Amino acid sequence: MFRSLTNANYRIWAGGALVSNIGTWMQRTAQDWLVLTHLTHNNATAVGVVTALQFGPQILLLPLTGFAADYFDRRKLLIATQASMGMLALGLGMLTVAGLAQLWQVYVFAFLLGCAAAFDAPARQTFVAELVAEADLSNAVALNSTSLNAARMIGPAIAGALIAIVGSGWLFLINAASFVAVLVSLHCLRAGVLHTRIRAARAPGGFAEGFRYVWRRPALKTILLMIFLIGAFGLNFPIFIATMSVGVFHTGAGQYGLLTSIMAFGSVIGALLAARRTTTGITLLFANTAIFGVGLALAAVMPNYLMFGIALVFIGVTAQTLTTSAISLMQLSTEPAMRGRVIAIFLAIALGGTPIGAPVVGWAADRFGPRWALGIGAASGLAAALVGVYYLIKYRHLRVRVERRRLRFTLEGGDPMAGLR
């Protein structure tokens with residue numbers, strides 16, 4: 001399960017990333033709470049706009065971000081993006097602590113942070129391939145997800161406690177300081193043992209080649225469509241949890257942070273289960289989209305805070321399984337020189353769909369109630385599952401038969417990567 005940690009470079013990187021990830025989730029929790037309870041009167045649409053602005057640059061800058069990850073030295077690129085995000089956190093923190101923060105300023109900082117993150121994300125995801133051998137790539141991706149979700153479990157819980165004591169602004173400043181850890185880890189990596197890869201040639205059409213590469217592979221197109229549906233309407237957890245916490249269960253900042261941590265606990269379990277697997281199957285990804293939709297539907301009808309929290313654990317496991325499986329499948333089936341562009345397309349669709357879905361989900365929460373917003377997320381999971389079933393029928397010749405009063409399913413190709421290459 002933890003075999004990638006035997007690699008010294010990966011250990012150094014993972015330690016710095018964990019500290020920074022905790023700070024990032026502290027800021028995200030404080031930012032949503034600041035917008036929802038201080039800068040507006042429980043306006044979920046405003047939270048949706050902030051989320052949209054933070055993830056919109058994934059689409060706007062797509063022609064540049066993927067090619068940058070393939071063309072430039074990823075280590076140096078990560079130093080630049082991490083330093084930029086640290087400075088932005090510092091700026092927003094100083095404004096908030098001084099009592100000068102306004103809603104439009106949060107919008108601006110969210111957009112600028114999204115621009116930096118748009119360059120950071122594909123470089124960070126594909127940099128893992130330079131830290132470990134190809135055989136350990138799937139495990140390293142899963143452990144990265146474990147680190148991120150451990151931070152999601154710890155960060156919001158700390159944020160919920162600190163918001164009431166020191167206020168949101170100080171959490172932004174703590175996040176700014178946390179970026180020092182990842183910058184130090186990048187500096188301390190042993191460059192001589194990195195797994196170097198072929199860089200992309202600087203030629204006209206380099207960006208478009210990523211789209212052509214994906215377009216020639218039906219399974220990759222299917223995964224991207226499914227991730228778009230789920231990313232746009234199903235992964236809006238800040239809106240789901242904040243509105244259910246405030247509007248349905250009438251809790252405070254501490255209970256709100258605890259709910260986010262509870263879901264992250266489920267995500268950690270999902271990531272660790274993914275790390276144990278030696279192979280990643282496309283059918284596992286498809287099955288989890290349906291289970292994810294069912295989980296959101298159950299959460300929408302839970303009668304109290306405790307039952308809602310239990311449902312969030314289930315949602316966390318399935319959401320993490322499907323996202324980790326998707327990233328692993330796409331990296332393992334992509335040529336090293338194309339990984340940055342393919343992962344940039346993946347992230348642009350996964351996170352860039354948020355500007356489309358988040359305002360819709362926020363509006364539904366304001367207009368019809370938070371439970372209906374969760375219903376939209378549930379529908380997105382079930383719709384994505386139908387897309388997966390269509391692929392299996394058309395390209396893997398899925399057949400269903402009854403044998404001894406039980407349903408049996410058969411697919412063409414025993415290789416879990418069949419149809420991806």
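These numbers come from a predicted model, not from an experiment.

1. Regarding the layout of surface pockets
Volume-wise, the largest pocket comes out at about 180 Å³. Thr283, Phe286, Ala287, Val389 and Leu392 are the residues nearest the centre of the largest pocket, which is lined by eleven residues in total. Those elements that provide at least two residues to the lining of the largest pocket are α13 (282-300) and α17 (370-395). For the lining of the largest pocket, the element with the most residues is α17, which contributes five residues. In terms of residue class, the lining of the largest pocket is built from nine nonpolar, two polar and no charged.

2. Some details on the environment of Leu5
Mapped onto the secondary structure, Leu5 falls in the segment before α1 (8-39). Note on Leu5: relative accessible area 32%, which makes it partly exposed. A sequence separation of 58 residues divides Leu5 from Pro63, and the C-alpha atoms of the two residues are 34 Å apart. Not counting residues up to four positions away in its chain, the partners in contact with Leu5 are Tyr10, Arg11 and Leu143.

3. Some details on a nonpolar patch on the surface
A contiguous nonpolar surface patch, about 480 Å² in accessible area, is contributed by Leu60, Trp104, Val108, Phe111 and Leu112. No other element matches the four residues that helix α6 (residues 103-131) contributes to the nonpolar patch. One can find Leu112 in helix α6.

4. A word on unusual backbone geometry
A positive phi angle, close to 55°, is found at His250, a residue other than glycine. With respect to the helices and strands, the residue His250 is situated in the loop between α11 (237-248) and α12 (253-276). Accessibility expressed as a relative area gives 62% for His250, which makes it exposed.

5. Digging into the packing of aromatic side chains
Applying the stated criterion to the full structure yields seven aromatic pairs. Ring centres of Trp363 and Phe368 lie 5.4 Å apart, and the angle between their planes is 85°; this geometry places the pair in the edge-to-face category. Every member of this aromatic cluster is reached through a ring pair, and the members are Phe237, Phe240 and Phe292. Stacked on the ring of Tyr213, the Lys or Arg Arg217 has its end atom at 3.8 Å from the ring centre.

6. What about the packing of α11 against α17?
Running from amino to carboxyl end, α11 crosses α17 at an angle of 160°, the nearest separation of the two axes being 9 Å. When the interaxial angle is binned, α11 and α17 end up roughly antiparallel. Considering how the two elements wind past one another, α11 and α17 form a crossing that is left-handed. Contacts between α11 and α17 involve Phe240, Thr243, Met244 and Val248 on the former and, on the latter, Pro370, Arg371, Ala373, Leu374 and Gly377.

7. With respect to the domain arrangement of the protein
Assigned domains within the protein: domain 1 (1-194) and domain 2 (206-396). When each unit is reduced to the centre of its C-alpha atoms, the spacing between domain 1 and domain 2 is 19 Å. Counting from both sides, the interface comprises 49 residues of domain 1 and, opposite them, 57 residues of domain 2. Of the roughly 4,300 Å² buried at the junction of domain 1 and domain 2 (both faces included), carbon and sulfur atoms supply 70%. Here domain 1 and domain 2 share zero salt bridges between them. The leading source of residues in the side of domain 1 that touches domain 2 is helix α7 (residues 137-166), at 16 residues. Broken down by class, the residue content of the side of domain 1 that touches domain 2 amounts to 25 nonpolar, 18 polar and six charged.

8. Digging into the pattern of salt bridges
With the rule as written, the count across this model stands at two salt bridges. Between Glu130 and Arg74 there is a salt bridge, with its nearest N and O atoms 3.3 Å apart. One end of the pair, Glu130, is in helix α6; the other, Arg74, is in helix α5 (residues 74-97), with 56 residues separating them in the sequence. Each of the two residues, Glu130 as well as Arg74, counts as buried.

9. Here we look at the nonpolar core
If you look at the biggest cluster of nonpolar residues, it comprises 113 residues, and the most contacted ones within it are Tyr10, Trp13, Phe237, Phe308 and Phe346. Counting residues per element, this core draws most heavily on α1, which supplies twelve residues. Formed jointly, this core draws a minimum of three residues from each of two domains, domain 1 (1-194) and domain 2 (206-396). Beyond its immediate stretch of four places on either side in the chain, Trp13 contacts Leu78, Arg124, Phe127, Leu131, Asn144, Val182, Ser185, Leu186 and Leu189.

10. As for the environment of Phe67
Mapping Phe67 onto the fold places it in helix α4 (residues 62-71). For the pair formed by Phe67 and Val268, sequence separation is 201 residues and the distance between their alpha carbons is 31 Å.

11. Details of the side chain of Ser325
Secondary-structure assignment places Ser325 in helix α14 (residues 305-332). Within the structure, the side chain of Ser325 is placed 2.7 Å from the backbone oxygen of Thr321, a separation counted as a polar contact.

12. Focus on α11
Taking 1.5 Å as the rise per residue, α11 with twelve residues should run 16 Å; its terminal C-alpha atoms sit 15 Å apart, in good agreement. In terms of burial, α11 is largely enclosed, as nine of its twelve residues are buried. Turning to α11, its buried residues are Phe237, Ile239, Phe240, Ile241, Ala242, Thr243, Met244, Ser245 and Val246. Phi turns positive, to about 55°, at His250, one or two residues after α11.

13. Digging into the confidence of the model for the protein
Reading predicted coordinates in detail is not appropriate for stretches of low pLDDT. Taken over all residues, the pLDDT of the protein has a mean of 82, while the share at 70 or more is 91%. No element of the protein has a lower mean pLDDT than strand β2 (residues 406-410), which averages 67, and none a higher one than α5, which averages 92. In this model residues 414-421 is a low-confidence stretch, pLDDT under 50, and it forms 22 contacts with partners more than four residues away in sequence or in other chains.

Analysis parameters
- Residues numbered from 1 in each chain as written.
- Predicted model: local features only at pLDDT ≥ 70, side-chain atom pairs only at ≥ 80, totals over all residues.
- Heavy atoms only, no water.
- 1 Å grid on protein atoms, 1.4 Å probe; cavity = no way out; pocket = protein on both sides within 12 Å on 5 of 7 lines; lining within 4 Å.
- Points joined across faces, edges and corners; volume = space filled by probe spheres on them.
- Helix = DSSP H or I, 4+ residues; strand = E, 2+ residues; numbered from the N terminus.
- Nonpolar A, V, L, I, M, F, W, Y, C, P; charged D, E, K, R; others polar.
- Buried < 20%, exposed > 50% of the residue type's maximum accessible area, 1.4 Å probe, protein only.
- Contact = heavy atoms within 4.5 Å.
- Patch = residues over 30% accessible without salt bridge, like charges linked within 9 Å, V, L, I, M, F, W, Y side chains within 5 Å.
- Areas by Shrake-Rupley, 256 points an atom, 1.4 Å probe, with all protein chains shown as cover.
- Salt bridge = Lys/Arg side-chain N within 4 Å of Asp/Glu carboxyl O.
- Phe/Tyr/Trp six-rings, centres within 6.5 Å; stacked < 30°, edge-to-face > 60°.
- Lys NZ or Arg CZ within 6 Å of the ring centre and 35° of its normal.
- Axes fitted to C-alpha atoms, helices over the stretch in contact; angles between N-to-C directions.
- Parallel < 35°, antiparallel > 145°, perpendicular 65-115°, else oblique.
- Left-handed = near helix turned anticlockwise from the far one by under 90°.
- Domains from an automatic or database assignment.
- Buried area = accessible area lost by both parts, 1.4 Å probe.
- Core = buried A, V, L, I, M, F, W, Y, C linked by side-chain atoms within 4.5 Å.
- Polar contact = N/O pair within 3.5 Å; in protein donor to acceptor, adjacent residues only side chain to side chain.
- Expected span 1.5 Å × (residues − 1).
- pLDDT = per-residue confidence, 0-100.

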